[in-house]
Amino acid sequence: MYTIGQVSEMFHLPVSTLRYYDKEGLFPELKRVSGIRKFSENELEKLRLIECLKKSGLEIKDIKRFMEWCSQGSSTYRLRYEFFLRQKELMEQKMEQMQKTLDMICYKCWYYEQAAADGNEDRIQEMLPDRLPESIQKLFDHAHED
């Protein structure tokens with residue numbers, strides 16, 4: 001069992017955030033000893049999931065709904081599966097967009113490295129849009145996809 005201070009340190013979260021999660025009902029089985037919250041491994045695992053879902057873009061109200069489904073037992077397995085399936089698809093879309101952004105940045109790093117070495121952009125401009133070195137061409141093409 002862990003105190004709220006210990007959990008705060010472990011997860012690098014303010015104590016106020018943990019209290020808020022508790023107030024919102026995200027830890028329905030949280031034990032209190034003389035008024036002091038005691039977190040078990042069960043709550044730590046829930047907290048890992050809460051933080052994961054927050055990072056995926058979900059709001060607390062949506063996380064709370066998921067936690068309510070969990071407390072309803074096996075009848076909500078399909079809902080929970082579909083919930084995670086939607087989040088997976090959203091994360092894959094975000095990752096694709098981030099990859100395109102990274103590809104543009106990597107292309108521009110190459111571009112300006114070459115321009116600095118050449119003292120101008122003439123040689124690079126002659127290669128655009130489809131005669132770049134193969135690895136750079138892949139970055140350029142991916143970054144410019146719609």
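Cut-off values and rules
- Residues numbered from 1 in each chain as written.
- Predicted model: local features only at pLDDT ≥ 70, side-chain atom pairs only at ≥ 80, totals over all residues.
- Heavy atoms only, no water.
- Helix = DSSP H or I, 4+ residues; strand = E, 2+ residues; numbered from the N terminus.
- Buried < 20%, exposed > 50% of the residue type's maximum accessible area, 1.4 Å probe, protein only.
- Lys, Arg positive; Asp, Glu negative; His and termini not counted.
- Salt bridge = Lys/Arg side-chain N within 4 Å of Asp/Glu carboxyl O.
- Contact = heavy atoms within 4.5 Å.

Visitor: In this structure, what is going on with the side chain of arginine 80? I would like to understand it.
Guide: Inspection of the secondary structure assignment puts arginine 80 in helix α5 (residues 77-118). We note that arginine 80 is buried and unpaired, the nearest opposite charge coming from glutamate 29 at a distance of 11 Å. Those residues in contact with arginine 80, other than ones at most four positions away along the chain, are Phe66, Trp69, Cys70, Gly73 and Ser74.

Visitor: Looking at this model, I keep getting lost on the environment of phenylalanine 11. Mind explaining?
Guide: As for its position among the elements, phenylalanine 11 is in helix α1 (residues 4-11). Put simply, phenylalanine 11 and arginine 123 are 112 residues apart on the chain and 51 Å apart in space, counted from C-alpha to C-alpha. Ignoring anything within four residues of it in the chain, the contact list for phenylalanine 11 reads Leu44, Leu47 and Arg48.

Remember that the coordinates give geometry; whether it matters functionally is a separate question.
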